[in-house]
Every structure is written in C-alpha cells, then in structure tokens.
Amino acid sequence: MSWRITKTLAPLRLIMRINDYHKILPIIELYPCLQGEGSRRGHPSFAIRTTGCTHRCHFGEHGGWCDTWYSSIHADKGKFCFNDIIDMVKAYPDIKEIMLTGGAPTMHPALINEIMHVAHEHKLFVTLETEGSHFIKTDHPIDLLSLSPKFTNSIPKLGIKTPKGTIVDQKLIDQHNKYRLNLTAMRQMIDYHHDYQLKPVCDGSDENLAEITSLIKALNIPKHKVYLMPAGSTRQEIIKAYPKIIDLALMHGFNFTGRDHIIAFDDKIGV
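Please read all numbers here as calculations on a predicted model, not as lab measurements.

Digging into the sheet that holds strand β11 (residues 255–256)
Move 1: Spatially, the three strands line up as an open sheet ordered β9-β10-β11, and their pairing is parallel. With one partner strand each, in any of the chains shown, β9 (201–202) and β11 form the two edges of the open sheet.
Move 2: Across two bridges, the pairing between β9 and strand β10 (residues 227–230) is parallel. Note that in β10 the partner of Cys 202 across the bridge is Pro 230.

Structure representation (structure tokens):
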C-alpha cells in the first residue's frame, strides 16, 4: 500500500475573524476538563467542541459509531457564542490549555483563528483535534495538531442503522470517504503549525496496522510522534481493547494513549 502527496497547495484564502461575539456559533460543548488522550494527557484544559463533521465514522465490532455522533452523524445545532469562551477563560485563570475538538473543527476556520487570538492574548496552549481533512491557516499557529486520520476500519457498512435509526446508504458512505486521508492537507498542516502528534484509532487488525504504517511512511512521521489509541465509545469497549493495542505499541515502538474520559465517565456527554 502506498500513497502520494500531491504538490498542489491549498488556495490562498483570507484569514477570517469572528466579529460578533454575541452570535451563536457552531459550538455544542464548552467546559473545563482534563485532556484524556495523547501527549497532553492529564493536563487541565478548556474543552471546546464544534458541531458538524466531514466524516461518518463507524468502527464496527471494534467500537461502533463515533463516540461523539451528536457532533457528526446527527450534528446538533450550536449553543454558545464567543463571549461564552471568554467568560470560561476568565472564570478559570489557572487553566492554561484549550482542547479544540469536534466534529471537525477545521470546517470553521474563522472560529479557530479567533480562538488562537484569545489563546495568544492569555498565553494558552492550544491542541486541535482533527482528522486532517482540511488545511487551515491561523494568524497565530496552533501549538499542537492532534491528527487522527480515518482508515478503512471507519467506513460504515451499507444497511446498518445510525445512532438515530437512519439506514446507511451509499450517499452517507461517499460523504465519509470524500475527505478521508487527505495527505496533502495533513502535510500542509504539519508544516505550517508548531507541533503535531499522530493519534490513530487502532483496532489491532493486520490491515489497520498496515494502513497506519503506510501513512507514517508517506508523511515521514517519526515513531515517537505516534500514539496508538484503542477504538470504543464505552468504558467496557475501551477496557477490552487496551491489552491488544498496548502489545502492538510495544511491539512496533509506538506510544500508547488511553482514553481517560471514557474510562472515568463511560459514555456521558460533556465531561
């Protein structure tokens, strides 16, 4: 298996800002938390979850639907304005990090850019969780890209039911695959922003491991930047997957990351 990164650069676009801090934005969760995954695991953070996603992930018997399907497959409407972010930052002066997640936050470049301005002003470290579908610029580069590309183990199967009972058709599958594994965008994001980690959902299969290894080679990513993460949306699924993924990480020289928020709170939302 091999991939080619095209030389075509993303078209230059004006870097946008949020002008109206009272307008409801595509943000559905806003709360203080501990980062539960990757290299910043355990760090107190402000969680900002956007709604809307380029993908429709289903991990089959290894983890089911995306654990935040309410921001992707059945995306909720936004609930918060930018002033709500400002108020949260002021209310918790000892928290020095932001975790921007989704859904797919890169669908909202103006929002990300405005968050980077606030982070720069308040000296906050920002982690952007992204599947790598789009390249975006910000006036202040993002501190850490947490790339979680979606492999073939994430493709929904025809005829199964979504969390709200919709039957999966080819249109939904095509939407999922439309921006999947956009290596050009990933490379541009890595080159533009400050730092990155690769945090793939790993089901432990030979096929999945081969895809991960091939992507690492294509993007020239060193192993110390890679965190294998078990699939699952519930505590029971995650705990069951831990031993196999830990063994794979040890065998191949990768890092392992748990999913502390799921272990602690199971499938509870907003934690």
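Considerations on unusual backbone geometry
Move 1: At the junction of Gly 102 and Gly 103, the peptide bond is cis and its omega measures out at 15 degrees in the coordinates.
Move 2: Here Gly 103 shows up in the loop between β5 (97–101) and α2 (109–122).
Move 3: Positive phi outside glycine occurs at Lys 123, with the angle close to 55 degrees.
Move 4: Backbone geometry at Leu 181 places phi at a positive 55 degrees, although glycine is not the residue there.
Move 5: Its place among the elements puts Leu 181 in the loop between α3 (170–178) and α4 (183–192).
Move 6: Taking the relative accessible area as the measure of exposure, Leu 181 reaches 18% and is therefore buried.

Concerning the packing of aromatic side chains
Move 1: What the rule picks out here adds up to five aromatic pairs.
Move 2: When the centroid spacing of 6.0 Å and the interplanar angle of 80 degrees are considered together, the rings of Phe 135 and Tyr 192 count as edge-to-face. A residue pair is termed long-range when its members are at least 10 positions apart, and Phe 135 in the loop between β6 (125–130) and β7 (144–147) and Tyr 192 in helix α4 qualify at 57 residues.
Move 3: Taking the relative accessible area as the measure of exposure, Tyr 192 reaches 28% and is therefore partly exposed.
Move 4: Ring geometry for Tyr 242 versus Phe 256: centroids 5.2 Å apart, planes at 80 degrees, classification edge-to-face. On the criterion of sequence distance, the pair formed by Tyr 242 in helix α6 (residues 235–252) and Phe 256 in strand β11 is long-range, its members being 14 residues apart.
Move 5: Judged by relative accessible area, Tyr 242 falls into the buried class, the value being 17%.
Move 6: It is Lys 223 that lies over the ring of Phe 254; its NZ or CZ is 5.5 Å from the centre.
Move 7: Here the guanidinium or amino end of Lys 225 rests over the ring plane of Tyr 196, the centre of that ring lying 5.0 Å away.

Conventions adopted
- Residues numbered from 1 in each chain as written.
- Predicted model: local features only at pLDDT ≥ 70, side-chain atom pairs only at ≥ 80, totals over all residues.
- Heavy atoms only, no water.
- Pairing = 2+ DSSP bridges.
- Helix = DSSP H or I, 4+ residues; strand = E, 2+ residues; numbered from the N terminus.
- Buried < 20%, exposed > 50% of the residue type's maximum accessible area, 1.4 Å probe, protein only.
- Phe/Tyr/Trp six-rings, centres within 6.5 Å; stacked < 30°, edge-to-face > 60°.
- Lys NZ or Arg CZ within 6 Å of the ring centre and 35° of its normal.

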